[in-house]
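Survey of secondary and tertiary structure
Here's the letter readout for the chains.
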Amino acid sequence: MSQPEQTNTPPTTVSDDTLRRFLGYHMKRAFNVVQADLVATLKPFELRMLTYTALVLICDNPGLSQAQLAAAMDVERPNIVVIVDELERRELINRTRVPTDRRAYALVPTLQGRRLCGQAVAAVETHEAKLFAGLNGDMRSEMVAILSKVRGA
């Protein structure tokens, strides 16, 4: 890569040609679009991406521990406490001691939490249908397979 000419005049357009050679750059740019739309989708439910993810995991896996939730979300254990506290404060989940391990908490959704989760999941399904309308089923499956390979799953 050659050095650009030194000038005091800003360019009229910004070239990202070098960056476009990298898959990670395209993934990040695509994620920015998905994230911005998802933030707007979840806003009416007063959920953020992390609280939404935690709520869905708790609803799908009632009784899981905070440690299991942290591992599933790839979040440090101390950080999961903040997320769980928020969901509990909003009465979307209950946190109860596990009888066999007094240090562990079982996370269980409340009726209100299950209802909100269902509404939010439906909104996210609509968000994804709109955002990925140009991809057919085979393309979506291939994309999931490729991204799963990248993350080692």
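These numbers were taken from a predicted model, which means no experiment stands behind them.

What follows covers the pairing of strand E2 (residues 93-98). As paired strands, E2 and strand E3 (residues 101-109) are joined by 6 bridges and run antiparallel to one another. Considered in E3, the bridge of Arg97 is made with Tyr105. Connecting E2 to the next strand, E3, in antiparallel fashion are 2 residues.

A full pass over the atoms with the stated rule returns 7 salt bridges. The partner of Asp16 in a salt bridge is Arg29, with the nearest N and O atoms 3.8 Å apart. One end of the pair, Asp16, is in the segment before helix H1 (23-42); the other, Arg29, is in helix H1, with 13 residues separating them in the sequence. Judged by its relative accessible area of 45%, Arg29 is partly exposed. Note that Arg48 and Glu86 form a salt bridge whose closest N and O atoms lie 2.8 Å from each other. With Arg48 in the loop between H1 and helix H2 (49-60) and Glu86 in helix H4 (residues 77-89), this residue pair connects regions lying 38 residues apart in the sequence. On the basis of relative accessible area, Glu86 is assigned to the buried category, the value being 17%. Salt bridges linked by common partners bring Asp16, Arg20 and Arg29 together as one network.

The volume enclosed by the largest pocket comes to roughly 1100 Å³. Looking at the largest pocket, it is lined by 22 residues, and the ones nearest its centre are Phe31, Val34, Glu128, Phe132 and Leu147. Contributing elements (two or more residues each) for the lining of the largest pocket: H1, H2, helix H5 (111-131) and helix H6 (137-150). Partitioning the lining of the largest pocket into residue classes produces 15 nonpolar, 4 polar and 3 charged.

Another aspect to go through is the state of the cysteines. With the rule as written, the count across this model stands at 0 disulfides. You can see Cys59 has no disulfide; the closest cysteine sulfur is in Cys117, sitting 3.8 Å from it. Looking at Cys59, the relative accessible area reads 18%, which means it is buried. Overall, Cys117 belongs to the buried group, its relative accessible area being 7%.

On to the packing of aromatic side chains, then. Considering all chains together, one arrives at 0 aromatic pairs under this definition. One cation-aromatic arrangement involves Arg95 over Tyr105; the distance from NZ or CZ to the ring centre is 5.6 Å.

Here we come to unusual backbone geometry. Here Asp74, not a glycine, exhibits a phi torsion of approximately 55 degrees, which is positive. Checked against the element boundaries, Asp74 lands in the loop between helix H3 (66-73) and H4. Overall, Asp74 belongs to the exposed group, its relative accessible area being 73%. Not every positive phi belongs to a glycine, and Glu91 is a case in point at roughly 60 degrees. With respect to the secondary-structure elements, Glu91 resides in the loop between H4 and E2.

The antiparallel open sheet is built from 3 strands, whose spatial order is E1-E3-E2. Bordering the open sheet on either side are strand E1 (64-65) and E2, each of which pairs with just one other strand. Relative to E2, H4 is tilted by about 120 degrees, and along the sheet it contacts E2 and E3.

What counts as what
- Residues numbered from 1 in each chain as written.
- Predicted model: local features only at pLDDT ≥ 70, side-chain atom pairs only at ≥ 80, totals over all residues.
- Heavy atoms only, no water.
- Pairing = 2+ DSSP bridges.
- Helix = DSSP H or I, 4+ residues; strand = E, 2+ residues; numbered from the N terminus.
- Salt bridge = Lys/Arg side-chain N within 4 Å of Asp/Glu carboxyl O.
- Buried < 20%, exposed > 50% of the residue type's maximum accessible area, 1.4 Å probe, protein only.
- 1 Å grid on protein atoms, 1.4 Å probe; cavity = no way out; pocket = protein on both sides within 12 Å on 5 of 7 lines; lining within 4 Å.
- Points joined across faces, edges and corners; volume = space filled by probe spheres on them.
- Nonpolar A, V, L, I, M, F, W, Y, C, P; charged D, E, K, R; others polar.
- Disulfide = S-S within 2.5 Å.
- Phe/Tyr/Trp six-rings, centres within 6.5 Å; stacked < 30°, edge-to-face > 60°.
- Lys NZ or Arg CZ within 6 Å of the ring centre and 35° of its normal.
- Contact = heavy atoms within 4.5 Å.
- Axes fitted to C-alpha atoms, helices over the stretch in contact; angles between N-to-C directions.

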